[in-house]
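What follows is the residue order along each chain.
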Amino acid sequence: DQQVKQNSPSLSVQEGRISILNCDYTNSMFDYFLWYKKYPAEGPTFLISISSIKDKNEDGRFTVFLNKSAKHLSLHIVPSQPGDSAVYFCAASGSNSGGSNYKLTFGKGTLLTVNP
Amino acid sequence: GAVVSQHPSWVICKSGTSVKIECRSLDFQATTMFWYRQFPKQSLMLMATSNEGSKATYEQGVEKDKFLINHASLTLSTLTVTSAHPEDSSFYICSARAPGAALHFGNGTRLTVT
């Protein structure tokens, strides 16, 4: 049972436009969400996170929106750049208490291609 | 920023042999590290939580006798795939959490068992 779902395996966007990556979750105990970016043959790199007490978090070109009632979050990248082309993973955790047990559940990822 | 180093980045081994993968936190101490596995076009799946100085905690369905984890110091955890078989071929990634920060991942190890 996939608790974190990224229903779009791929997305293609023109350089300069907005990229919107979506993620849905089913576990209502999740209260901390993260986005990771992954290039081929490399490990995921942390991008941005959001706690369930917020509905938006922004960091430069990256903004994450959280809709708790819909159990949905999205990552907006604007403007998109060719270097943003990578696989983006949505991840969720049941605790952001700062404890050392920090288990994440990942989605399958969305391959973003930004065309010049 | 925090760096997690994983070695080797790729390894090919024969069926029946064992392979050890190292995960190091380079500029912080990690009492807990995590080992994930990723099959093609699948999500990262948590295999086990590696606890410094104590036994690892394995996720359901992961054989602890096959995937041996040792976390002997605050900066090193190792995953040994024992008696590897072709179905163990996968991408293995470790992660560690620096204090007050999100999880940082190693670059992963591509294991191919022939």
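Thresholds applied
- Residues numbered from 1 in each chain as written.
- Chains lettered and ligands numbered in written order.
- Predicted model: local features only at pLDDT ≥ 70, side-chain atom pairs only at ≥ 80, totals over all residues.
- Heavy atoms only, no water.
- Disulfide = S-S within 2.5 Å.
- Helix = DSSP H or I, 4+ residues; strand = E, 2+ residues; numbered from the N terminus.
- Buried < 20%, exposed > 50% of the residue type's maximum accessible area, 1.4 Å probe, protein only.
- Phe/Tyr/Trp six-rings, centres within 6.5 Å; stacked < 30°, edge-to-face > 60°.
- Pairing = 2+ DSSP bridges.
- Contact = heavy atoms within 4.5 Å.
- Buried area = accessible area lost by both parts, 1.4 Å probe.
- Salt bridge = Lys/Arg side-chain N within 4 Å of Asp/Glu carboxyl O.
- Polar contact = N/O pair within 3.5 Å; in protein donor to acceptor, adjacent residues only side chain to side chain.
- Nonpolar A, V, L, I, M, F, W, Y, C, P; charged D, E, K, R; others polar.

This part is about the state of the cysteines. The tally for this structure, following the rule as stated, stands at two disulfides over all chains. A sulfur-sulfur separation of 2.0 Å characterises the disulfide bridge that pairs A:Cys23 with A:Cys90. Its S-S torsion of about -75° marks the bond between A:Cys23 and A:Cys90 as left-handed, since a negative value means left-handed. Residue A:Cys23 is located in strand β3 (residues 19-25), and its partner A:Cys90 is located in strand β9 (residues 86-93); the two are separated by 67 residues in the primary sequence. The class for A:Cys90 is buried, based on a relative accessible area of 1%. Note on cysteine connectivity: B:Cys23 is disulfide-linked to B:Cys94, with sulfurs 2.0 Å apart. Taking the torsion about the S-S bond as the criterion, the B:Cys23 to B:Cys94 disulfide, at about 80°, is right-handed. You can see B:Cys23 sitting in strand β3 (residues 19-25) and its partner B:Cys94 sitting in strand β9 (residues 90-97), a full 71 residues away along the chain. For the residue pair B:Cys23 and B:Cys94, the accessibility class agrees, reading buried in each case.

Let's shift gears to the packing of aromatic side chains. Tallying each qualifying case throughout the model produces 10 aromatic pairs over all chains. On the numbers, 6.3 Å between centres and 40° between planes, the contact of B:Phe67 with B:Tyr92 is tilted. On the criterion of sequence distance, the pair formed by B:Phe67 in strand β7 (residues 67-73) and B:Tyr92 in strand β9 is long-range, its members being 25 residues apart. Taking relative accessible area as the criterion, B:Phe67 reaches 4% and is therefore assigned buried. The class for B:Tyr92 is buried, based on a relative accessible area of 0%. By the ring-pair criterion, three or more aromatic residues cluster together here, those being A:Tyr36, A:Phe46, A:Phe89, A:Phe106, B:Tyr36 and B:Phe105.

Bringing the pairing of β7(B) into the picture now. The side chains of a regular strand alternate between the sheet's two faces. All names here are of chain B. Note: β7 against strand β8 (residues 76-81), five bridges, orientation antiparallel. Among the inter-strand pairings, Asn70 is bridged to a residue of β8, identified as Thr78. Count of turn residues in the β7/β8 antiparallel hairpin: two residues.

Counting residues at the interface gives 21 residues for chain B, matched by 20 residues for chain A. Across the chain B to chain A interface the summed buried area is about 1,600 Å²; carbon plus sulfur atoms make up 60%. Broken down residue by residue, the surface that chain B buries against chain A is led by B:Leu44, B:Arg97 and B:Phe105, which jointly contribute 28%. The interface formed by chain B and chain A contains zero salt bridges. On the surface where chain B and chain A come into contact, there are one residue pair in polar contact (both at pLDDT 80 or more). Contributing elements (two or more residues each) for the side of chain B that touches chain A: β4 (32-38), β5 (45-51), β9 and β10 (103-105) of chain B. In terms of residues, the side of chain B that touches chain A owes the most to one element, β4(B), which gives four residues. Here the side of chain B that touches chain A is composed, by residue class, of nine nonpolar, nine polar and three charged.

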